[in-house]
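# Residue-level structure breakdown
Single-letter residue listing:
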Amino acid sequence: MKPAAFDYVLPSTIAEAVEALGEGSRRTQVLAGGQSLLLEMHLARIRPDLVVDINRLAGLDRIDVNGNEARVGALVRHRTFESADAVPGPLGRLLSLAVVNIAHPPIRSRGTMAGSFAWAHPASEWCAIGLALDATVEVTSREGMRELAVRDYFLGPYRTERRADELITAVRLPLLGEEYGVGFIEHRRTHFCFAQVAVAAALTVHDGVVTYARIGLVNSADRPLRARAAERSLIGAELPPPGSGHPRGDHPFARAGQIAAHEDAAPVAEPYADVAYKRQVLAVLVARTLADADADRRSRAARTGEDR
């Protein structure tokens, strides 16, 4: 199918872009990577009157590290994060673990993290990570720039707090200290399918006791999800010695998996994954992702002689 007719502008400044988006009488869409937008337009599920192409806007293709945050510009492509060094420390490792699950190389070379936050697909890896880590979305309009806390940003599938006249200019993610361990595991039917479910995790442990835990769930509700009840179950939990295989039974990670699957998650059935199946996979993946995060923490601590 071919898309319906639309007007197209290629602004050279952010001011020009938001001026175009501010034309309230027309339905507008922003084009950065276009990996979701163009497909929806070809299928005639989206029919914009105006497409605003932001690919010539200077300065939006950078990652800037300021204090304890990494500011990811709106034109930073997925493939940038294939290198764990793109962002310092454990955050860079977490992003590199997740990015290889995003489609395939041609899409990763064009799609953007900001585009994922704009699109707000329930199966977005970036959105779940941003939610787990309390990211911030910067949006700009004719009225100026404002910051949207990700915890309040997602309203449902493809629905966010961002207004139609606002352009996402950056996503800010908190850096994680070297004491953090991180993990990411995804389950899908084929290599190029959307995730049926996926889990991102970050944690810290002191003297064998969990002191911090964040868990992001992918495609586990009608929007990206943070497993808050599972996180609470982990704080103060004493971990058994490593080396006992995958967490099972009364292991704190296994309990967190069950809580995440049955209390936090509200999965939606799909043709190849009903609700019961998704809950079962979620319980296993949460436990294994937490175990991977703990192993990541232990491995790094052992190299520095600070293993706890």
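Conventions we followed
Residues numbered from 1 in each chain as written. Predicted model: local features only at pLDDT ≥ 70, side-chain atom pairs only at ≥ 80, totals over all residues. Heavy atoms only, no water. Pairing = 2+ DSSP bridges. Helix = DSSP H or I, 4+ residues; strand = E, 2+ residues; numbered from the N terminus. Axes fitted to C-alpha atoms, helices over the stretch in contact; angles between N-to-C directions. Contact = heavy atoms within 4.5 Å. Core = buried A, V, L, I, M, F, W, Y, C linked by side-chain atoms within 4.5 Å. Buried < 20%, exposed > 50% of the residue type's maximum accessible area, 1.4 Å probe, protein only. Patch = residues over 30% accessible without salt bridge, like charges linked within 9 Å, V, L, I, M, F, W, Y side chains within 5 Å. Areas by Shrake-Rupley, 256 points an atom, 1.4 Å probe, with all protein chains shown as cover. Salt bridge = Lys/Arg side-chain N within 4 Å of Asp/Glu carboxyl O. Phe/Tyr/Trp six-rings, centres within 6.5 Å; stacked < 30°, edge-to-face > 60°. Lys NZ or Arg CZ within 6 Å of the ring centre and 35° of its normal. Parallel < 35°, antiparallel > 145°, perpendicular 65-115°, else oblique. Left-handed = near helix turned anticlockwise from the far one by under 90°. Nonpolar A, V, L, I, M, F, W, Y, C, P; charged D, E, K, R; others polar.

### Quick notes on the sheet that holds strand 3 (residues 50–53)
Strand pairing within a sheet occurs via backbone hydrogen bonds; the two strands may be parallel or antiparallel. Strand order in this open sheet of three strands is 1-3-2, and the pairing throughout is parallel. Each end of this open sheet is capped by a strand with a single partner; those strands are strand 1 (7–9) and strand 2 (28–31). Adjacent strand axes in the sheet meet at a mean angle of 20°, parallel and antiparallel pairs treated alike. Relative to strand 3, strand 2 is paired through four bridges, and the arrangement is parallel. Considered in strand 3, the bridge of T28 is made with L50. Set on the sheet, helix 1 (residues 14–21) makes contact with strand 1, strand 2 and strand 3; between it and strand 3 the angle comes to about 165°.

### Remarks on the nonpolar core
Core analysis: the largest hydrophobic core is formed by 55 residues, its most contacted members being F81, L95, M113, F117, W126 and I129. Setting aside its immediate chain neighbours within four residues, I129 contacts L94, L95, A98, F184 and A200. Of all hydrophobic cores here, the second largest spans 31 residues; its members include V199, V281, L282 and A283.

### Re a nonpolar patch on the surface
On the surface, F6, Y8 and L10 cluster together into a nonpolar patch covering about 260 Å² of accessible area. Look at L10 and you get partly exposed, because its relative accessible area is 32%.

### Topic: the packing of aromatic side chains
Summed over all chains, the structure comprises five aromatic pairs. Summarising the aromatic geometry, the rings of F81 and W126 are spaced 5.4 Å apart at their centres and angled 65° between planes, so their arrangement reads as edge-to-face. You can see F81 sitting in the loop between strand 5 (69–73) and helix 3 (89–99) and its partner W126 sitting in helix 6 (residues 125–132), a full 45 residues away along the chain. Of the two residues, F81 and W126, both sit in the buried class. Residues W119 and Y158 carry aromatic rings whose centres are separated by 6.3 Å and whose planes lie at 75° to one another, so their mutual orientation is edge-to-face. Residue W119 is located in helix 5 (residues 113–119), and its partner Y158 is located in the loop between strand 8 (154–156) and strand 9 (159–160); the two are separated by 39 residues in the primary sequence. Members of the aromatic cluster, each reached through a chain of ring pairs, are F117, Y153 and F154. Directly above the ring of Y272 sits R189, whose terminal nitrogen or CZ lies 3.7 Å from the centroid.

### Considerations on the sheet that holds strand 6 (residues 136–141)
Strands sit in the order 4-5-10-6-7 across an open sheet of five strands; the sheet is antiparallel. Strands at the two margins of the open sheet, each flanked by one partner only, are strand 4 (63–66) and strand 7 (144–149). For this sheet the average axis-to-axis angle between neighbouring strands, irrespective of direction, equals 25°. Across five bridges, strand 6 lies against strand 10 (residues 167–174) in antiparallel orientation. Directly across from T140, in strand 10, lies its bridge partner L167.

### Side note on the packing of helix 8 (residues 252–264) against helix 9 (residues 275–304)
It is at 7 Å that the axes of helix 8 and helix 9 come closest, and there the two elements cross at 140°. Judged on the interaxial angle alone, helix 9 and helix 8 are oblique. Of the two possible hands of crossing, helix 8 and helix 9 adopt the one that is right-handed. Of the residues in helix 9, those touching helix 8 at F253, A254, A256, G257, Q258, A260, A261 and H262 are R279, L282, A283, V286, A287, L290, A291 and D294. Partitioning the contact of helix 8 with helix 9 into residue classes produces eleven nonpolar, three polar and two charged.

### Here we look at the pairing of strand 11 (residues 181–187)
Along strand 11, six of the seven residues are buried, which leaves the element largely enclosed by surrounding structure. The pairing of strand 11 with strand 12 (residues 197–206) spans seven bridges and is classified as antiparallel. What sits directly across from G183, in strand 12, is A201.

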